[in-house]
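Here is how the chains run, residue by residue.
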Amino acid sequence: QLSVLQQVLQTRALEAASQPIETWEQLGDRLLQIKHAYKQGIFDSNLETASTNLRDFLEREPSRDEPEYWKAHTLIYELNDIFHKDLRINEWSYNLGEQVLEELREESVRWDSRLDPTSPKRHLVREKILFCTCRGNELKRRGDTNGALKLFTWLYDFTSTKLVVDK
């Protein structure tokens, strides 16, 4: 009976995840639901609809310098690799990733030491780093393996010198 109840709850959560995203508050809830389904490997029509709704929200709303915004970009890029809904997402991630990388490089020059682990900025920078890996994937897909290697190496160095914590 427990497994049946878990299945019902999981189905309801996926149905909720596939609802349109109208507000930034809903974005946070949907990200949790979508990410959970993604990590569980539940690539059904509900998740496909959720990925389309996520893409539509990101296209419609102005950008924000918040972790959820960048997490949503990374997630929609990864889901697009599974569902192949919109080729523009790859180009979008490639171009936007270059801008974010330049921003991170500028931040790196300004920082003298590691970012305080309790800082909200640390979470934001972490999400931007994860988003930049999308650009690295696109560089590799386009045959620029050397560019991808340089990007991933820089992201690794930046993370290990500026964001790593002792834990």
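The coordinates are above.
One structure accompanies this document, and this report is about it. In this text, all values refer to a predicted model and were calculated from it rather than measured experimentally.

## Re the overall build of the protein chain
For the protein chain, the helix and strand inventory stands at seven helices and zero strands. Listed by position from the N terminus, the elements making up the protein chain come as α-α-α-α-α-α-α. Along the first, second and third principal axes, the C-alpha set of the protein chain runs to 55 × 35 × 30 Å. In the protein chain, 70% of the contacts between residues at least 6 apart in sequence involve partners at least 24 apart. When the accessible surface of the protein chain is summed, it comes to about 9,800 Å², and 51% of that surface belongs to carbon and sulfur atoms. The protein chain carries 24 positive and 28 negative side-chain charges, and their two centres are separated by 3 Å.

## Quick word on unusual backbone geometry
Positive phi values are uncommon outside glycine, yet histidine 84 reaches one of about 50°. Summarising the element assignment, histidine 84 is placed in the loop between helix H4 (67-83) and helix H5 (88-110).

## Describing H4
The end-to-end C-alpha distance of H4 is 24 Å, a good match for the 24 Å that 17 residues give at a rise of 1.5 Å each. Every buried residue of H4 is accounted for by Pro67, Tyr69, Trp70, Ala72, His73, Thr74, Leu75, Ile76, Tyr77, Leu79, Asn80 and Phe83. Buried positions along H4 lie against helix H2 (24-40), helix H3 (45-60), H5 and helix H6 (120-141). Of the residues one or two after H4, histidine 84 is the one with positive phi, at around 50°.

## A few points about empty space enclosed by the protein
Scanning the entire structure with this criterion turns up one cavity of 30 Å³ or more. Quantified by volume, the largest cavity comes out at close to 50 Å³. For the largest cavity, the full set of lining residues is Ser51, Thr52, Arg55, Ile76, Leu79, Asn80, Phe83, Lys85, Asp86 and Ile89. Counting residues per element, the ones that place at least two in the lining of the largest cavity are H3 and H4. Ranked by the residues each element gives to the lining of the largest cavity, the list is headed by H4, at four residues. Its residues assigned to classes, the lining of the largest cavity comprises four nonpolar, three polar and three charged.

## Focus: the packing of aromatic side chains
Inspection of every chain in the model, using the stated rule, returns seven aromatic pairs. Taken together, the ring pairs in this structure connect Trp24, Phe57, Tyr69, Trp70 and Phe131 into an aromatic cluster. Seen from the ring of tyrosine 94, arginine 142 lies directly overhead, with NZ or CZ sitting 3.9 Å from the centre.

## Points about the pattern of salt bridges
Scanning the entire structure with this criterion turns up 18 salt bridges. Put simply, glutamate 59 and arginine 88 hold a salt bridge, and the shortest N to O gap is 2.9 Å. Of this pair, glutamate 59 sits in helix H3 while arginine 88 sits in helix H5; the two residues are 29 residues apart in sequence, bridging distant segments of the chain. The exposure class assigned to glutamate 59 is partly exposed, which follows from its relative accessible area of 40%.

## Overview of the layout of surface pockets
Empty space within the largest pocket amounts to approximately 180 Å³. Taken together, Lys35, Tyr38, Lys39, Lys71, Thr74, Leu75, Glu78, Arg126, Glu127, Leu130 and Thr133 form the lining of the largest pocket. Secondary structure elements with two or more residues in the lining of the largest pocket: H2, H4 and H6.

Quick notes on the rules
- Residues numbered from 1 in each chain as written.
- Predicted model: local features only at pLDDT ≥ 70, side-chain atom pairs only at ≥ 80, totals over all residues.
- Heavy atoms only, no water.
- Helix = DSSP H or I, 4+ residues; strand = E, 2+ residues; numbered from the N terminus.
- Contact = heavy atoms within 4.5 Å.
- Areas by Shrake-Rupley, 256 points an atom, 1.4 Å probe, with all protein chains shown as cover.
- Lys, Arg positive; Asp, Glu negative; His and termini not counted.
- Charge placed at Lys NZ, Arg CZ, Asp CG, Glu CD.
- Expected span 1.5 Å × (residues − 1).
- Buried < 20%, exposed > 50% of the residue type's maximum accessible area, 1.4 Å probe, protein only.
- 1 Å grid on protein atoms, 1.4 Å probe; cavity = no way out; pocket = protein on both sides within 12 Å on 5 of 7 lines; lining within 4 Å.
- Points joined across faces, edges and corners; volume = space filled by probe spheres on them.
- Nonpolar A, V, L, I, M, F, W, Y, C, P; charged D, E, K, R; others polar.
- Phe/Tyr/Trp six-rings, centres within 6.5 Å; stacked < 30°, edge-to-face > 60°.
- Lys NZ or Arg CZ within 6 Å of the ring centre and 35° of its normal.
- Salt bridge = Lys/Arg side-chain N within 4 Å of Asp/Glu carboxyl O.

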